[in-house]
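Here's the letter readout for the chains.
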Amino acid sequence: MFGDGCTETLKKHTQDCDASILLDSGSDGTSELQSGSNGGIRRLDWMDDVKQRLEAACPATVSCADIIAMAARDAVALNGGPDIALRLGRLDGFEASASEASSSLPPATISVSAMLSLFGDMGMDVAESVAILGAHTMGVAHCSNFANRLYPVRDPNMGLLFANTLRARCPPNFPSNAFAALDTTNLRFDNVYFQNVLNGRGLLTIDSEIGLDPRTTGIVQNFA
């Protein structure tokens, strides 16, 4: 069921960090990559390449889940962020579902209340929930994820200059692959995302709202 390799140390569900994103399909015949919420994920073949090399050196020892976690750690460090200490020992899963992935990942238009409830159910407090949105410090978002803030009328929480810049990248008939940067230093792991949020330059609905909601504003200010 895995594309090219990650088959070791399996467990029976896809509720945790268990590398289920690498599965070609689960028992319902769908994969997590089929979820629209995972549409921006690329180059998972790199994980299989690392797994194959590790299997050649030390068979059945390092899980795909740990490989993904370590790759994320290294990506953060290489792009200017901290070198995060990781505890290893994650187990790989063999169950995947597009619908479960969609229900577990917050949409761009989620409200602060719904976001806090979603992450709260995963054991995260308010500060941790805001912190995880800081992942928007890197990368891009497709226009379809923030077009609701541009059309038919501009979101009043979005400055006119920022909105016009985005409209230039995402005209009303934008192609499906059109995108904009998630923050103004989207190739660096830094705290500029939180500074942008406070300056009215949060790209997604939830980015904007965490800077305005009294439950989260102070945390955003602290991170900024």
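Quick caveat: nothing in here was measured; it's all calculated off a predicted structure. (Residues numbered from 1 in each chain as written. Predicted model: local features only at pLDDT ≥ 70, side-chain atom pairs only at ≥ 80, totals over all residues. Heavy atoms only, no water.)

**Student:** Got a minute to help me understand the confidence of the model for the protein chain in this structure?
**Tutor:** Predicted coordinates in areas of low pLDDT are best not read in detail. The predicted model of the protein chain has a mean per-residue pLDDT of 90, with 93% of residues at 70 or higher. Below pLDDT 50 for its whole length, residues 1–14 participates in 51 contacts with residues either more than four positions away or in separate chains. (pLDDT = per-residue confidence, 0-100. Contact = heavy atoms within 4.5 Å.)

**Student:** Can you walk me through unusual backbone geometry in this structure?
**Tutor:** For residues besides glycine, phi is generally negative; the peptide bonds are generally trans as well. The residue after Tyr151, namely Pro152, is reached through a cis peptide bond having omega 0°. Topologically, Pro152 is positioned in the loop between strand E3 (140–142) and helix H6 (160–169). Even without being a glycine, Ala19 presents a positive backbone phi close to 65°. By relative accessible area, Ala19 is classed as buried at 6%. Even without glycine at this site, Ala60 takes up a positive phi of about 55°. Relative to the helices and strands, Ala60 resides in the loop between helix H1 (45–57) and helix H2 (64–78). Overall, the relative accessible area of 48% leaves Ala60 in the partly exposed class. (Helix = DSSP H or I, 4+ residues; strand = E, 2+ residues; numbered from the N terminus. Buried < 20%, exposed > 50% of the residue type's maximum accessible area, 1.4 Å probe, protein only.)

**Student:** Looking at this structure, I do not really get the packing of helix H4 (residues 112–121) against helix H5 (residues 126–133). What am I missing?
**Tutor:** Relative placement of two packed helices is described by the angle separating their axes and the distance separating the axes. Contact pair H4 / H5: the axes reach a minimum separation of 9 Å and the direction vectors enclose 105°. On the basis of the axis angle, H4 is roughly perpendicular to H5. Listed contacts from H5 to Met115, Leu116 and Phe119 of H4 are Val126, Ser129, Ile132 and Leu133. Residues of the contact of H4 with H5, tallied by class, amount to six nonpolar, one polar and no charged. (Axes fitted to C-alpha atoms, helices over the stretch in contact; angles between N-to-C directions. Parallel < 35°, antiparallel > 145°, perpendicular 65-115°, else oblique. Nonpolar A, V, L, I, M, F, W, Y, C, P; charged D, E, K, R; others polar.)

**Student:** Could you clarify how one ought to interpret the nonpolar core in this entry?
**Tutor:** In summary, soluble globular proteins display a tendency toward joint burial of nonpolar side chains. Among the nonpolar cores identified, the biggest contains 30 residues, and Met115, Phe146, Leu166, Leu203, Leu204, Ile206 and Ile210 are the most heavily contacted of them. Counting residues per element, the ones that place at least two in this core are H4, H5, H6, helix H7 (192–198), helix H8 (205–210) and helix H9 (217–223). Counting residues per element, this core draws most heavily on H4, which supplies five residues. When sequence neighbours within four positions are dropped, the list of residues in contact with Phe146 reads Ala141, Leu166, Cys170, Ala180, Leu203 and Leu204. In terms of nonpolar packing, the next biggest core, distinct from the first, is built from nine residues, Ala19, Ile21, Met47 and Val62 among them. (Core = buried A, V, L, I, M, F, W, Y, C linked by side-chain atoms within 4.5 Å.)

**Student:** Help me understand the state of the cysteines, please; the structure alone is not making it clear to me.
**Tutor:** Two cysteines form a disulfide when their sulfur atoms are joined by a covalent bond. With the rule as written, the count across this model stands at one disulfide. Note that Cys143 is cross-linked by a disulfide to Cys170, the S-S spacing being 1.9 Å. As the torsion about the S-S bond is roughly -65°, the Cys143-Cys170 disulfide counts as left-handed. Of the two residues, Cys143 is situated in the loop between E3 and H6 and Cys170 in the loop between H6 and strand E4 (179–181); the sequence distance between them amounts to 27 residues. Like Cys143, the residue Cys170 is buried in the burial classification. Cys17 carries a free sulfur, and the closest cysteine sulfur to it, the one in Cys64, is 14 Å from it. Among the cysteines around Cys58, which has no disulfide bond, Cys64 carries the closest sulfur, lying 12 Å off. (Disulfide = S-S within 2.5 Å.)

**Student:** Can you walk me through the side chain of His136 in this structure?
**Tutor:** Here His136 lies in the loop between H5 and E3. Discounting chain neighbours no more than four positions away, the residues touching His136 are Leu182, Asp183, Tyr193, Leu204 and Asp207.

**Student:** I tried to follow the side chain of Thr137 on my own but got confused; where do I start?
**Tutor:** Counting through the fold element by element, Thr137 comes out in the loop between H5 and E3. Assessed through its relative accessible area of 0%, Thr137 is described here as buried. Among the polar contacts listed, one links the side chain of Thr137 to the backbone oxygen of Arg188, at a separation of 3.2 Å. Excluding residues that lie within four positions of it along the chain, Thr137 makes contacts with Asp183, Thr185, Asn186, Arg188, Phe189, Asp190 and Tyr193. (Polar contact = N/O pair within 3.5 Å; in protein donor to acceptor, adjacent residues only side chain to side chain.)

**Student:** What exactly am I supposed to notice about the packing of aromatic side chains here?
**Tutor:** How two aromatic rings sit relative to each other is given by the distance of their centres and the angle of their planes. One pass over the structure, following the stated rule, counts two aromatic pairs. On the basis of an interplanar angle of 70° and a centroid distance of 4.9 Å, the ring pair of Tyr193 and Phe194 is categorised as edge-to-face. With respect to class, Tyr193 is no different from Phe194; both count as buried. Pairing Phe194 with Phe223 gives two aromatic rings, centres 5.0 Å apart and planes at 45°, and the pair type is tilted. Placement of Phe194 in helix H7 and of Phe223 in helix H9 is noted, with a sequence separation of 29 residues between them. By relative accessible area, Phe194 is classed as buried at 6%. Members of the aromatic cluster, connected to one another through ring pairs, are Tyr193, Phe194 and Phe223. Geometry around Phe179 places Arg169 over its ring, the cationic atom sitting 5.2 Å from the centre. (Phe/Tyr/Trp six-rings, centres within 6.5 Å; stacked < 30°, edge-to-face > 60°. Lys NZ or Arg CZ within 6 Å of the ring centre and 35° of its normal.)

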